[in-house]
Amino acid sequence: MQSYRNIALAAAVAVVAPGASASVLAESIDGRWDAVITYNKIELPFLIEFAGEGDTFSGSFLNGDVKVKSTGGSYKDGKFVLNFDHYLGKLQGTVKDGKIKGEFASSRGGEGPGGEQPFHAERHSDTKVAVKDVPSIDGLWEIPVESPKGEKSWRFIVKQDGADVRGSILRVDGDTGTLRGTYKDGKFVLAHFSGSRALRLEVTPDKDGNLSLVQFGRPGIAKKLTAYRPEVARQKGLPEPADFAKHTTIKDADQPFNFSFPDVNGKTFSSTDEKFKGKVVVAVVTGTWCPNCHDEAQFLVELDRKYHDRGLEIVALDFEEIEEQESGYKRLKAFVKQYGVNYTYLVAGAPIEMWVKVPQADNLNSWPTTFFVGRDGKVKKVHSGFASPASGEFHTQARESFTKTIEALLSENATASR
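How each quantity is defined
All chains use their own residue numbering, which begins from 1 and follows the written sequence. Only residues with pLDDT of at least 70 get local features here, since the model is predicted, and only at 80 or more are side-chain atom pairs given and counted; chain-wide, interface and lining totals rely on the full set of residues. Only hydrogens and water are removed before side-chain values are computed, so all heavy atoms of the structure are retained for them. Partly exposed residues are those whose accessible area sits between 20% and 50% of the maximum for their type, while under 20% is buried and over 50% is exposed, using a 1.4 Å probe and protein chains only. Only DSSP runs of H or I covering at least 4 residues are called helices, and only runs of E covering at least 2 are called strands; the numbering of each starts at the N terminus. In this scheme, strands are said to pair when DSSP sees at least two bridges between them. The pLDDT value tells you how sure the predictor is about a given residue, anywhere from 0 up to 100. Any pair of residues with heavy atoms lying within 4.5 Å of one another is described as a contacting pair. The span you would expect from a helix comes to 1.5 Å times its residue count less one. Axis angles are defined between N-to-C directions and span 0 to 180 degrees, where every axis is a line fitted to C-alpha atoms and, for a helix, only to the segment in contact. To pair, rings of Phe, Tyr and Trp, with the six-membered ring standing in for Trp, must have centres within 6.5 Å; the planes then decide the type, stacked if under 30 degrees apart, edge-to-face if over 60, and tilted in the middle. For this document, the term salt bridge refers to a Lys or Arg side-chain nitrogen within 4 Å of an Asp or Glu carboxyl oxygen. Convention used here: angles under 35 degrees read as roughly parallel, angles over 145 as roughly antiparallel, angles from 65 to 115 as roughly perpendicular, and any remaining angle as oblique. By the definition used in this description, the sense in which the near helix is turned from the far one sets the handedness, with an anticlockwise turn below a right angle giving left-handed and a clockwise turn giving right-handed. In this classification, the charged set is Asp, Glu, Lys and Arg, the nonpolar set is Ala, Val, Leu, Ile, Met, Phe, Trp, Tyr, Cys and Pro, and all remaining amino acids, among them Gly, are polar.

Novice: It is not clear to me how the pairing of strand S23 (residues 344-349) should be interpreted in this structure. Could you clarify?
Specialist: On a regular strand, each side chain points to the face opposite its neighbour's, so the side chains alternate between the two faces of the sheet. The buried fraction of S23 amounts to six of the six residues, a majority that puts the element mostly inside the structure. In the sheet, strand S22 (residues 312-319) pairs with S23 via five bridges, with the strands oriented parallel. Bridging from a neighbouring strand, Asp318 pairs with Val347 of S23.

What follows is the structure, given as structure tokens:
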């Protein structure tokens, strides 16, 4: 009987890959892997998923249920390279004895690491380790802060399943992506890495029912924070998080919203063009270096497909770093291709020029910031930042707010013009 099984196995190997050896087949790394990247001497656990081989090889950082997919890659002879051109990042590794060692290199990582950072990985296991006496931190929290953007509080959103936790810190400009981790030795250790965001968060419940947080992110930063339940924060007289619809305002609501910038090919588009006259315009201040702008762009693509034929024009006022502009807009072009952007995409300048190039806005300091312009050319609403799926109900609220605003503006007199 054993000999028949061996014959069947040999036949199966021949069918799967004629001429290939069983050892080569065993090197397939399809599926999920538990990885750890070392960033500023801090270890950040993350999940990554691989598929394919040769020049069809691909990979995805797992940001909760969202996949941050590679733009290209290859895998041969136990070595792989994955490009994430829309983040100017490259992941490469060597597979040996069922484990992976390699590095992630990036010339500019948004909130994440630049340079070269080592990582290692092994096969993902869904096996859960039983942990006793796990405190509950599920739900919504608020974190008092004094941020450079004038915020007085952030939100901390947590979903808990026993000892396992997913969470996200939501600021006025957007969130940290999905922090994931577990409870051990009296604290929850959460982390996130997806090519552009990099963060480790240690959460310790205290005896008063609050949370002590230590946040490790940018070089040299280990920020200590405290999180309170919203009702406790109100009792203490602590301020609420910033209102996304009120953080940035328009200086003169009676003045048309004006812009005039070139695209990557040098063709100039202006708010006075026939293309925009009498249309509902969604103008977004953005940058491909900004992780939250990646989150929003994918939703804007959906809105463009759904409402363009009804009179919606979306225009990106993109502010890119000088290095990106000098490179021929490599990241910008990869960004547009990766997300299938068909709406007007203009290069407005460098990030430091935003306040000069968009002078009609007050307190404009969030990436992205979205302006909803009516058929008369005037700004009807401004939305600061964009909450990604990691922020749960706040992501849903943002989508609903955008959709409701656009539909209301489209329903206005279609013959109105600028």
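Novice: Would you take a moment to explain unusual backbone geometry for this structure?
Specialist: Glycine aside, the phi torsion of most residues is negative, and most peptide linkages are trans. In the segment running from Trp367 into Pro368, the intervening peptide bond is cis, with an omega of -5°. Tracing the sequence through the fold places Pro368 in the loop between strand S24 (361-362) and strand S25 (369-373). Even without glycine at this site, Leu88 takes up a positive phi of about 55°. Within the fold, Leu88 resides in the loop between strand S6 (79-84) and strand S7 (89-96).

Novice: Which parts of the structure should I look at to understand the confidence of the model for the protein chain?
Specialist: Residues shown with low pLDDT carry predicted positions that ought not to be read at fine detail. For the protein chain, per-residue confidence averages 89 on the pLDDT scale, and residues scoring 70 or more make up 90% of the total. Segment residues 1-26 is flagged for pLDDT under 50; beyond a separation of four residues in sequence, or across chains, it makes five contacts in the model.

Novice: Sorry, what's going on with helix H4 (residues 291-307) here?
Specialist: Since the α-helix advances by 3.6 residues per turn, residues separated by three or four positions end up pointing in the same direction. Over its 17 residues, H4 runs 25 Å from end to end, which matches the ideal 24 Å to within 8%, given 1.5 Å per residue. Of all 17 residues in H4, 13 are buried, a share of seventy percent or more.

Novice: Mind showing me how you'd approach helix H8 (residues 393-410) here?
Specialist: For H8, which comprises 18 residues, the first-to-last C-alpha distance of 26 Å matches the rise-based estimate of 26 Å (1.5 Å per residue) to within 8%. For H8, the set of buried residues is Phe394, His395, Ala398, Phe402, Thr403, Thr405, Ile406, Leu409 and Leu410.

Novice: Honestly, the environment of Gly328 in this entry has me stumped. Any pointers?
Specialist: Looking at the secondary structure, you find Gly328 in the loop between helix H5 (322-326) and helix H6 (330-339). Judged by its relative accessible area of 30%, Gly328 falls in the partly exposed class.

Novice: What is the right way to look at the sheet that holds strand S3 (residues 58-63) in this model?
Specialist: The strands making up a sheet are joined through hydrogen bonds of the backbone, oriented either antiparallel or parallel. The strand order across the open sheet formed by nine strands is S4-S3-S2-S1-S9-S8-S7-S6-S5, and the pairing between neighbours is antiparallel. Strands at the two margins of the open sheet, each flanked by one partner only, are strand S4 (66-69) and strand S5 (72-76). With direction set aside, neighbouring strand axes in the sheet form an average angle of 25°.

Novice: What is the right way to read the packing of aromatic side chains from this model?
Specialist: For any pair of aromatic rings, the description rests on two quantities: the centre-to-centre distance and the angle between the ring planes. Counted according to the given criterion, the structure contains 25 aromatic pairs. Grouping aromatic residues by their ring pairs yields a cluster made of Trp33, Phe50, Phe57, Tyr75 and Phe80.

Novice: What should I look at first to understand the pattern of salt bridges in this one?
Specialist: When charged atoms on two side chains of opposite charge get close, those side chains can pair. Counted under the stated rule, the structure contains 18 salt bridges. For the salt bridge of Glu313 with Lys279, the shortest nitrogen-to-oxygen distance reads 3.5 Å. Taken as a pair, Glu313 in strand S22 and Lys279 in the loop between strand S20 (268-270) and strand S21 (280-286) lie far apart in primary sequence, 34 residues in all. Residues Lys380 and Asp376 are paired through a salt bridge, measuring 2.9 Å at the closest nitrogen-oxygen approach.

Novice: I would appreciate a short explanation of the packing of H4 against H8 in the present structure.
Specialist: Geometry of a packed helix pair, given as the angle between the helix axes and the separation of the axes. Viewed as axis vectors pointing N to C, H4 and H8 meet at an angle of 30°, and their least axial separation amounts to 12 Å. Accordingly, the angle class assigned to the pair H4 and H8 is roughly parallel. The two elements H4 and H8 cross, and the hand of that crossing is right-handed. Residue-level contacts link Glu296, Phe299, Leu300, Glu302, Leu303, Lys306 and Tyr307 of H4 to Arg399, Phe402, Thr403, Ile406, Glu407 and Leu410 of H8. A class-by-class count of the residues in the contact of H4 with H8 yields seven nonpolar, one polar and five charged.

Novice: Mind showing me how you'd approach the sheet that holds strand S26 (residues 379-384) here?
Specialist: The strand order S23-S22-S21-S25-S26 describes an open sheet built from five strands, whose pairing is mixed. Strand pairing shows two members of the sheet lacking a second neighbour, S23 and S26, which therefore form its edges. Strand-to-strand twist in this sheet, taken as the mean axis angle between neighbours without regard to direction, amounts to 20°. One ladder, built from five bridges, connects S21 with S25; its direction is antiparallel. Note that in S25 the partner of Val282 across the bridge is Phe372. Together, S21, S22, S25 and S26 form the strand contacts of H8, whose direction differs from that of S25 by roughly 20°.

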